[in-house]
Amino acid sequence: MAQYENGFLKHVKQINVLAIAVLLVILLLISYISPGILDSQILARNFEPAIDAAGRLCVFVLYAMTIVLIVNYIYYGVLQLSRRNVYADDQREQLIGILRLPDARADIHVFREKTKKLTEMQNSLSEIIAAMLPNALKQQFMLEQYFRTKIENHMNRFSGPLNTITTISGLGPIIGFLGTLLGLISAFAVSARAIQTEGQMSPDTFGQLQYSLVIAIMTSVFGVVIKIVGSVVRQAILSKINKIQDEIASIPTESMYSE
């Protein structure tokens with residue numbers, strides 16, 4: 001295994017060296033064929049519109065990421081994770097009462113008969129009750145494991161949204177920093193062009209410079225805000241998931257004690 005990893009790393013290094021060598025050869029050929037194409041002034045003039053457009057795109061992407069975070073929290077954290085989608089108000093208490101009955105714990109048929117109405121409520125707890133195993137019903141330890149495993153499986157459907165929120169909150173600062181760099185490059189390009197052509201900054205040029213700086217600052221702020229909002233949203237959803245899991249997993253334990 002170690003020899004395979006060493007050989008793989010050796011090939012990766014060779015590929016990286018080859019890629020750098022090819023890039024240097026391409027740059028040398030370009031500078032030889034068209035010497036002025038790599039001039040800093042020409043590059044700035046050619047890429048300034050693209051840089052400005054990329055900065056605007058970063059702002060738009062950050063806006064969209066903020067909206068996605070809010071929509072994810074409203075849909076999954078508020079609507080999908082509401083308690084009524086997991087169990088009804090009296091469904092949990094009725095189940096605890098049924099589990100306290102010796103005949104219901106001893107015979108799966110009696111248990112199914114007594115929980116028939118509870119399985120018709122179309123929620124997560126009704127599915128857990130309907131899939132009850134006879135062996136789990138007779139042994140307290142297995143019953144506790146059954147409830148915890150089942151509710152964790154039901155809550156696993158939220159792993160996708162949580163991964164999306166984590167990815168967005170992680171990318172927010174990176175895109176914000178990229179927007180800051182693009183804004184600063186645009187600002188320097190505007191000021192340099194004004195000095196070279198006019199010898200000073202006109203009010204219009206100064207306005208363009210201020211706009212570029214606003215883009216640079218705004219993207220950083222949005223990136224930090226997305227990181228904060230994403231962390232808060234993720235923690236809020238995780239807290240609700242853990243609370244619901246504890247409420248369902250504690251049903252067998254509460255059934256051991258008489259009212």
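Overview of the structure. Every value quoted in this text rests on a predicted model; they were computed, and no experiment measured them.

Quick word on the overall build of the protein chain
When you go through the protein chain residue by residue, the secondary structure sums to 11 helices and zero strands. Counted from the first residue to the last, the protein chain has its helices and strands arranged as α-α-α-α-α-α-α-α-α-α-α. In the protein chain, buried positions account for 32% of the 259 residues. In the protein chain, of all internal contacts separated by at least 6 residues, the share reaching a separation of at least 24 is 75%. When the accessible surface of the protein chain is split by element, carbon and sulfur atoms take 65% of a total near 16,100 Å².

Points about helix H3 (residues 91-99)
All of the buried residues along H3 are Gln91, Arg92, Leu95, Ile96, Ile98 and Leu99. Seen from one end, H3 has its buried residues packed into an arc of 160°, which puts them on one side.

Notes on unusual backbone geometry
Even without being a glycine, Gln122 presents a positive backbone phi close to 55°. Within the secondary structure layout, Gln122 lies in the loop between helix H5 (108-114) and helix H6 (124-130). On the basis of relative accessible area, Gln122 is assigned to the exposed category, the value being 70%.

Description of the pattern of salt bridges
Inspection of the entire model under this criterion finds two salt bridges. Note that Glu254 is salt-bridged to Arg92, the shortest N-O span being 2.5 Å. Here the residue Glu254 occupies a position in helix H11 (residues 251-255), and Arg92 occupies one in helix H3, the gap between them amounting to 162 residues. Glu254 gets classed as partly exposed once you look at its relative accessible area, which sits at 32%. The exposure class of Arg92 is buried, given its relative accessible area of 10%. What emerges from the salt-bridge pattern is a single network uniting Arg92, Glu93 and Glu254.

Cut-offs applied
- Residues numbered from 1 in each chain as written.
- Predicted model: local features only at pLDDT ≥ 70, side-chain atom pairs only at ≥ 80, totals over all residues.
- Heavy atoms only, no water.
- Helix = DSSP H or I, 4+ residues; strand = E, 2+ residues; numbered from the N terminus.
- Buried < 20%, exposed > 50% of the residue type's maximum accessible area, 1.4 Å probe, protein only.
- Contact = heavy atoms within 4.5 Å.
- Areas by Shrake-Rupley, 256 points an atom, 1.4 Å probe, with all protein chains shown as cover.
- Arc of directions from axis to C-beta.
- Salt bridge = Lys/Arg side-chain N within 4 Å of Asp/Glu carboxyl O.

Keep in mind that these numbers describe shape and distance, not what the molecule does.
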